[in-house]
Amino acid sequence: MNEAIIGRRRFLAMAGLLTAGSLAVTACGTSGTPAPAASQGPKPTKLAFGVTSISDYLNPLYTTSSRVHWITDPVVESLYTHDASLKSVPLLADGEPEISDDGLTWTIKLKEGVTFANGDPFTAADVVAALKFVSDPKSTSDWTVFFAGYVKDAEADGDHTVKITLTARYGVLRAHLTNLPIIHKDFVAKTDTTMGTGPFTIEKVTQGQSVELSRNDSYHGDKPALASVVFQAVPDPATRLVNLREGKIHIMTDVTPESVALLKQDAQVKVHEVDAPSDIITYFTANKAPFDDVKVRQALAYAMDRKGVRDVAYAGTATIAQGPIGPAVEGHDPSLQIYGEAPDHEKAKALLAEAGASDLKFTLTITSDAMMKNIGQVLVEGWKQAGITCTLETLDVGPWVQKWASGKFDLVMNSFETGFGAGRTAFSLLNVTNSAYPLNFGYKNEEVDKLLGQAWAADDEAERAELCKRINGLLAADAIIIPPVYPKMLVAQRTDVSPLDEPGMSVSRISVPAVQFT
């Protein structure tokens, strides 16, 4: 099967657990940020964006991490993009793709007259270079999970037509092409910079500290009002918050949940709480006892303190979860109600007794960041009330990845970022449950396998969403992936800049080119 072609590292990378962006971050101070805008005189044209870190990687073809894409999205473009209703519409493509009757050949015409920021013409050779890079199973790109094994070949038919040949019908390709950045072919192998056709270009990089973009005055679309944007690393969330309130930065990412209430009291600040494809992966091994017994997994799911995680760890900003698919991903089912907000200890005890595992002891392996520790502590206490003994194992990202890839764990948990790679699709969330997938570790459900194949082949989004909804229900009932909550994307901005686009944020994008000072 195609899924088996993708190695374990590919899935880990896609999961946001092993990305170029996450492996190359550096903390720094806030020097160089602009002072608050004056109340008189011309409007400023330089936007300051406060992020947690600046990656040494600035090629968006290597990673699906927000640390990179928030910076490079104003610089690069894709063949298709999302409109205001999140429908996929042509951007660099000149119209809809022509798809052969068997679904195996996609012919895409490209817009003419588009140039890169250095003046070079945008051609089919650039698209082919990107597709070949991400379709190579040996590539170091996070994007291979979407393309390798599915895309057989990509070739240019003249300067403005691309022909993509697939190994099997793969309707979800349209969603992947809506997310995949297309960069200048000469920059595909570079990691520390990029060149695109977008409204901005990279002007200056101060390694580990900041990246400054300048307006691309030769841009083929509407020109942004901003002349420049600086992305400044401010790793401490409290410092980021103070800088925002003082006007040293205008937009702040990664707002901590406990800061939301405070920021809402500031009339100069707007907080966005948006459902986005940012999840918590909580996944069992199903190839060893006692977790090969669905009743044991269900017992832990029933005894999970979802309300505690929402209220304590996320300060009320998250949504109670059921299956893997959250509100921002196609296939989400708001009517699915298997597990309660509060733990059902008696139900859990009964299931464990039926499974002969009343004295259950297991280890939850988490990463060492503060949020995962908070969540883990809440869950441990909730399970304790049901007579379940859970030991927390806290690892840095590298050892955590090794533990996950080895399959030598009971239950693993980490943040799971999918928006930049998968958009609204459930592709990244669900593929691990395919019995042929390298990181499946024993879960097998023939109906799930069948539905997954149908979902990725489907050309129609509504059909794919319905298939994913059915899969989500099966996985929730089998308690193989049991996230306690669905986190929201929390971003704050000053009110002296125009409101951020929340529909775009629901696919993890922050549309910087549309921002202007008010």
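Residues numbered from 1 in each chain as written. Predicted model: local features only at pLDDT ≥ 70, side-chain atom pairs only at ≥ 80, totals over all residues. Heavy atoms only, no water.

Asks: Lay out the overall build of the protein with the relevant residues and their values.
Replies: Along the protein, the regular secondary structure elements total 18 helices and 21 strands. Relative to its length of 518 residues, the protein is compact, with a C-alpha radius of gyration of 23 Å against a globular reference of 24 Å. When its C-alpha atoms are laid out on the principal axes, the protein stretches across 70 × 60 × 35 Å. The buried share among the 518 residues of the protein stands at 57%. Within the protein, residue pairs in contact and separated by at least 24 positions form 74% of the contacts whose partners lie at least 6 positions apart. By element, 48% of the accessible surface of the protein is carried by carbon and sulfur atoms, the whole surface being about 19200 Å². Computed over 47 positive and 62 negative side-chain charges, the separation of the two mean positions in the protein equals 3 Å. (Helix = DSSP H or I, 4+ residues; strand = E, 2+ residues; numbered from the N terminus. Rg over C-alpha atoms; globule rule 2.2 N^0.38 Å. Buried < 20%, exposed > 50% of the residue type's maximum accessible area, 1.4 Å probe, protein only. Contact = heavy atoms within 4.5 Å. Areas by Shrake-Rupley, 256 points an atom, 1.4 Å probe, with all protein chains shown as cover. Lys, Arg positive; Asp, Glu negative; His and termini not counted. Charge placed at Lys NZ, Arg CZ, Asp CG, Glu CD.)

Asks: Break down the packing of aromatic side chains for me, citing the residues and quoting the values.
Replies: Taken as a whole and judged by the stated rule, the model has 19 aromatic pairs. Look at Y283 and W404: their rings are 5.7 Å apart centre to centre, the planes differ by 45 degrees, and that puts the pair in the tilted class. With Y283 in strand β15 (residues 278–284) and W404 in helix α13 (residues 397–406), this pair connects stretches of sequence that are 121 residues apart. Like Y283, the residue W404 is buried in the burial classification. Taking the centre distance of 4.9 Å and the plane angle of 50 degrees together, the rings of F427 and W456 count as tilted. (Phe/Tyr/Trp six-rings, centres within 6.5 Å; stacked < 30°, edge-to-face > 60°.)

Asks: Explain the pattern of salt bridges to me, and be specific about the residues and the numbers.
Replies: A complete count under the given rule lists 22 salt bridges for this structure. We note a salt bridge from K349 to E346, for which the minimum N-O separation is 3.8 Å. With K349 and E346 both in helix α11 (residues 345–355) and three residues apart, this pair spans about one turn of that helix. For K349, a relative accessible area of 37% gives the class partly exposed. One network of salt bridges, with partners in common, ties together K307, R310, D311 and E341. (Salt bridge = Lys/Arg side-chain N within 4 Å of Asp/Glu carboxyl O.)

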